[in-house]
Amino acid sequence: QVQVAESGGGLAQPGGSLRLSCVASGNVFGLREIAWFRQAPGTQREFIANIDTHGRVNYADSVRGRFLISRVGAKNLVYLQLGSLKVEDSAKYYCTFKHQGGDTWGPGTQVTVSS
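Rules used in this analysis
Residues numbered from 1 in each chain as written. Predicted model: local features only at pLDDT ≥ 70, side-chain atom pairs only at ≥ 80, totals over all residues. Heavy atoms only, no water. Phe/Tyr/Trp six-rings, centres within 6.5 Å; stacked < 30°, edge-to-face > 60°. Helix = DSSP H or I, 4+ residues; strand = E, 2+ residues; numbered from the N terminus. Buried < 20%, exposed > 50% of the residue type's maximum accessible area, 1.4 Å probe, protein only. Polar contact = N/O pair within 3.5 Å; in protein donor to acceptor, adjacent residues only side chain to side chain. Contact = heavy atoms within 4.5 Å. Disulfide = S-S within 2.5 Å. Core = buried A, V, L, I, M, F, W, Y, C linked by side-chain atoms within 4.5 Å. Pairing = 2+ DSSP bridges. Axes fitted to C-alpha atoms, helices over the stretch in contact; angles between N-to-C directions.

Chemist: Explain the packing of aromatic side chains here, please?
Modeler: Each pair of aromatic rings is reported with the distance of its centres and the angle of its planes. Within the structure shown, the criterion is met by two aromatic pairs. Measuring from ring centre to ring centre gives 5.7 Å for phenylalanine 37 and phenylalanine 47, while their planes differ by 75°; the resulting arrangement is edge-to-face. Here the residue phenylalanine 37 occupies a position in strand S4 (residues 33–39), and phenylalanine 47 occupies one in strand S5 (residues 46–52), the gap between them amounting to 10 residues. Given the relative accessible area of 29%, phenylalanine 47 is considered partly exposed. Between phenylalanine 37 and tryptophan 105, the aromatic rings sit 5.1 Å apart at their centres with planes inclined by 45°, giving tilted as the arrangement. Taken as a pair, phenylalanine 37 in strand S4 and tryptophan 105 in strand S10 (residues 102–105) lie far apart in primary sequence, 68 residues in all. Residue tryptophan 105 is classed as partly exposed on the basis of its relative accessible area, which comes to 31%. Aromatic ring contacts, followed pair by pair, group Phe37, Phe47 and Trp105 into a single cluster.

Chemist: Just checking my understanding: could you explain the side chain of arginine 38 for this structure?
Modeler: Among the structural elements, arginine 38 can be located in strand S4. At 3.0 Å, the side chain of arginine 38 forms a polar contact with the side chain of aspartate 89. The contacts of arginine 38, once residues within four sequence positions are left out, are Gln44, Arg45, Glu46, Ile48, Ser62, Val63, Phe67, Glu88, Asp89, Ala91, Lys92 and Tyr93.

Chemist: Teacher, can you tell me more about the state of the cysteines here?
Modeler: Covalent bonding between the sulfur atoms of two cysteines is what defines a disulfide. Applying the stated criterion to the full structure yields one disulfide. Disulfide pairing places cysteine 22 opposite cysteine 95 at an S-S distance of 2.0 Å. Looking down the S-S bond of the cysteine 22 and cysteine 95 bridge, the torsion is -80°, so its handedness is left-handed. Here the residue cysteine 22 occupies a position in strand S3 (residues 18–25), and cysteine 95 occupies one in strand S9 (residues 91–99), the gap between them amounting to 73 residues. Judged by relative accessible area, which is 0%, cysteine 22 ranks as buried.

Chemist: How do you make sense of the nonpolar core when you look at a structure like this?
Modeler: A general feature of soluble globular proteins is that nonpolar side chains tend to end up buried together. The biggest cluster of nonpolar side chains holds 29 residues, and the ones touching the most others in it are Trp36, Phe67, Ile69, Leu80, Leu82, Tyr93 and Phe97. Elements represented by at least two residues in this core include exactly S3, S4, S5, strand S7 (67–71), strand S8 (77–82), S9 and strand S11 (109–113). In this structure, leucine 80 is in contact with Leu18, Arg19, Leu20, Trp36, Ile48, Ala49, Phe67, Leu68, Ile69 and Tyr93, ignoring residues within four places of it in sequence.

Chemist: Even after reading the chapter, I still don't get the sheet that holds S3, so can you show me in this structure?
Modeler: Backbone hydrogen bonds hold the strands of a sheet together, and the pairing may be parallel or antiparallel. Read across the open sheet, the four strands follow the order S1-S3-S8-S7; overall the sheet is antiparallel. Edge positions in the open sheet fall to strand S1 (3–7) and S7, since each of these has one partner strand only. Here the average twist between neighbouring strands, direction ignored, is 15°. Bridge analysis of S7 against S8 gives five bridges, and the strand direction is antiparallel. Across the sheet, the residue bridging to serine 70 is tyrosine 79, located in S8.

Here you go:
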């Protein structure tokens, strides 16, 4: 059984930075990609970034140039570095591992950007 957990959320000021972490436990077979999404109250879930097993990355236009996704070697550990934060970045951030057994989601971590 694969479980995913996010951490690192919290309160930041506009222009500030946070680093989110995502770790998967259990045996992850046939990993294809890891992705980050976010959802603010009253809005649809929004794709943020992903990274595949070759290190290739994609970013949403809303975060490109400000956020950075990375992996730690071959471990099931992924970071999302959030920089130049804006109030509109406030949301609950979710991580998902897409693997042979399906898509496994974490419970999310809250990011609030406020002055």
